[in-house]
Amino acid sequence: MGPGLYTAPYSLWALVYKQHPIPYGPWSIHSTLFPMGRVYTQHPIPYGPWSINSTLFPMGPGLYTAPYSLWALVYTQHPIPYGPWSINSTLFPMGPGQKRYVENTNTMACYNELLQLERRVMLSFTALEQSQEAIEITNEDQVIQYVNPAYESIMGYQQGELIGKEITEVPKSEKNKPDLLETINSCIRKGKEWQGIYYAKKKNGDSVQQNVKITPVIGQGGKIRHYVSIHRPLHDQNKVRDIQSSKYKDRRKGSLDVRSTTSRGSDGSSQRRHSSMARIHSMTIEAPITKVPTFHTMTYTTHLLHNAELYSPQLGTKEEDPHTNDLVGGLMTDGLRRLSGNEYIFAAKQPHLPSHLAMPLSLNDIPPHVAQTMENEDSWDFDIFNLETACLKRPLTYLGLKIFSRFGVCEFLSCPEATLRSWLQGIEANYHSTNSYHNSSHAADVLHATSYFLCKERVKQSLEQIDEVAALIAATVHDVDHPGRTNSFLCNAGSELAILYNDTAVLESHHAALAFQITTRDDKCNIFKNMERNEYRTLRQAIIDMVLATEMTKHFEHVNKFVNSINKPLAALEENGGIGDEESVKGILTSPDNRILVKRMLIKCADISNPCRPLELCIEWAGRISEEYFAQTDEEKRQSLPVVMPVFDRNTCSIPKSQISFIDYFITDMFDAWDAFADLPNLMQHLDNNFKYWKGLDERKLHSLRPPPE
């Protein structure tokens, strides 16, 4: 980052160390620890040369005297591992110019350091504002978070018209080849840069041919955090060059407040050096819900957790096999205790809301191509993956708007639709789009199943409107902030949440708590704000109970209570000729205790309904959950943690066997009971077809999702 020097305090560098997991082996300069390696790579620093007054640097088994001319070569030949930073007054090459931070543990001194960092971030924003090239920045889900004045001038839009909109909502030119957008998305989602000719549609409807470069900004763990697009009109280059920055100084002076636009950004793993975009990863675009100044160096924390969707039975109730044993061990138990050095730390973090909450759209503003995918959302065969593709992995907000409207949720809560939209966006922003399974598409799928079940006659007879609203909200939030790891993993790893919740319903407790934190911390998304106190407490308790009902260890307890308290009494009435005894039936269906059991059963079935979906949907979900379990097994091996589901080894796992075991052990009995209550012949037919499909693959000794092509 230029030829300048930093004097590096311990208090600052320790933070860098935490955010960039550093292998062992710090090397010493007269007993001063001086790290290199990946930190060196992730903060693009020109190779050496290191020359600190001919200081001795240990390299290998001996010491080398360091002349200036030698360091680039030495560094290249000996990649140096990193260690903690504790440097006192050692000179460290960073940034353009010399910057001195005096080591000080005083809180105010640290705050002053942050203020100086903030000024440097402001310089980056200034460079963007003054750039003569049109620049557009989106988050990982391609929601527009920033456009510069040059972009406004070329395209004819004002910034406020674009911020918070998804790329799919901006009109496209018909002059592009039909598959161009798919080609671009396929490239950049792999972390690759795309550059080429693209026709953009201006606000006035004209198409302008542009040379476009789209650069993914890679963040912590190699995940894409933003996309930066640079647009150069092919036929208007001179016009772009003539744009004077003074034109925008007066109109936009002071309009960009870093403290309100910074909360969640990249930690700087991009090694691209072109343009000032290399520094975009130093700042973030989304606004924090807490309105606290947050720099990624200080506050963007790792995942918290949750796991809820699968359920596990009491041991020994059925014939066991390795797949069943692993599912039971991984999903029902809280894992073995093995801490000593293997603690898996999840720092407490503030939930965040996307920056576009200030501009909620209504149901009528949903883009036509998105609305078209939701035309049959009241059908069980609704394809959630079509919606996922149409809205770039943000299906929960759109589907939520439509379903909540259909059930009159806003009217019940006395909240504006804008507040509901903001709430849905806030919840969806806290799902991890990088999870293969536990992301907002899964939440949307569970919400869809919940709404479908709520329309069944027996369910409607049992539940009141407050129960319906509770069920829809619980389905929406039930996996919020899921890290793609099970409770067993978190307990084995000694995570902070496992300690906080005493290894009991760790993730389910976290989901319920976080959902209400997100909701109540900002009036713009507080859907409960206008409720009467007692009604709110009743609703809150129902939501919490349903989310906690997805906890695995009580799977059979919930199913057995439902069967014994509801199905058997209803069957007894029918056998005794009491079909017409409406009062007796109503008494069974509407008793307070039984309403709770119905709601628990409803969300549990919605949560694991994948085997009851049409075959193609079932296969896709099976592949996604398998990949997530494979990733957990990989991480357990890397961290020397107990492997709680050994069969989910990506090199040896039979996906058909795992699905057969899951259906046999968890699904069949529960959906038999739910079908007896709610009358779901179409689901049971899908379940039968899907089971036969997996059986067929297994009989052919195939381990894959699909048979090989003929």
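Starting from 1, residues in each chain are numbered consecutively following that chain's sequence as written. For this predicted model, a pLDDT threshold of at least 70 governs which residues receive local features, and a threshold of 80 or more governs which side-chain atom pairs are given and counted, while totals over whole chains, interfaces and linings are taken from all residues. Working from all heavy atoms in the structure, the side-chain values ignore hydrogens and water.

## Observations concerning the side chain of T476
Consideration 1: Numbering goes from the N terminus for both helices and strands, where a helix is a DSSP run of H or I of at least four residues and a strand is a run of E of at least two. Structurally, T476 is set in helix α20 (residues 465–477).
Consideration 2: Working rule for contacts: check all heavy atoms of both residues, and any pair within 4.5 Å makes them a contact. Setting aside its immediate chain neighbours within four residues, T476 contacts L396, F404, W423, L424, I427, Y431, A443 and L447.

## Brief notes about the UniProt feature "binding site: AMP" (unreviewed entry) in the protein
Consideration 1: Summarizing the sequence annotation, UniProt attributes the feature "binding site: AMP" (unreviewed entry) to H438, N439, S440, S441, H442, D479, D607 and Q659 in the numbering used throughout.
Consideration 2: Within the element layout of this structure, H438 appears in the loop between α17 (417–429) and α18 (440–454).
Consideration 3: Of note, S441 is situated in helix α18.
Consideration 4: Note on exposure labels: buried denotes an accessible area under 20% of the residue type's maximum, exposed denotes more than 50%, and partly exposed covers the range between, all computed with a 1.4 Å probe on protein chains only. Residue class for S441 comes out buried when judged on its relative accessible area of 2%.
Consideration 5: Among the polar contacts listed, one links the side chain of S441 to the side chain of E388, at a separation of 2.6 Å. UniProt positions are given in the numbering used here, feature names are shortened, and annotations may be inferred rather than shown by experiment. Any pair of N or O atoms that falls within 3.5 Å is considered a polar contact. Within protein, one atom must be able to donate a hydrogen and the other to accept it, and sequence-neighbouring residues count only if both atoms are side-chain atoms.

## Here's the deal with the UniProt feature "binding site: Zn(2+) 1" (unreviewed entry) in the protein
Consideration 1: Within this numbering scheme, the UniProt entry marks H442, H478, D479 and D607 as carrying the feature "binding site: Zn(2+) 1" (unreviewed entry). What stands out for the annotated residues spanning 166 residues is how close their C-alpha atoms remain, the widest pair being 10.0 Å apart.
Consideration 2: Mapped onto the elements of the fold, H442 is located in helix α18.
Consideration 3: On the basis of relative accessible area, D479 is assigned to the buried category, the value being 0%.

## Quick word on the packing of helix α27 (residues 592–607) against helix α29 (residues 655–678)
Consideration 1: Here, axes are lines fitted to C-alpha atoms. For helices the fit covers the stretch in contact, and angles between N-to-C directions go from 0 to 180 degrees. One can describe the packing of α27 onto α29 by two numbers: an axis separation of 11 Å at closest approach and a directional angle of 125 degrees. Looking at the two axes, α27 sits oblique to α29. The handedness of the crossing between α27 and α29 comes out as left-handed. Mapping the contact onto sequence places V598, M601, L602, K604 and C605 in α27 and M670, F671, A673, W674 and F677 in α29. Angles below 35 degrees are treated as roughly parallel, those above 145 as roughly antiparallel, those between 65 and 115 as roughly perpendicular, and all remaining angles as oblique. Two helices that cross are described as forming a left-handed crossing if the nearer one is turned anticlockwise from the farther one by less than a right angle, and a right-handed crossing if clockwise.

## Notes on the nonpolar core
Consideration 1: By nonpolar core we mean a set of buried residues, namely Ala, Val, Leu, Ile, Met, Phe, Trp, Tyr and Cys, connected to one another through side-chain atoms within 4.5 Å. Residues F453, F671 and W674 are the most contacted members of the largest nonpolar core, which totals 118 residues.
Consideration 2: Top element by residues in this core is α29. It accounts for 13 residues.
Consideration 3: Excluding residues that lie within four positions of it along the chain, F671 makes contacts with F453, C605, I608, S609, C612, L683 and M684.

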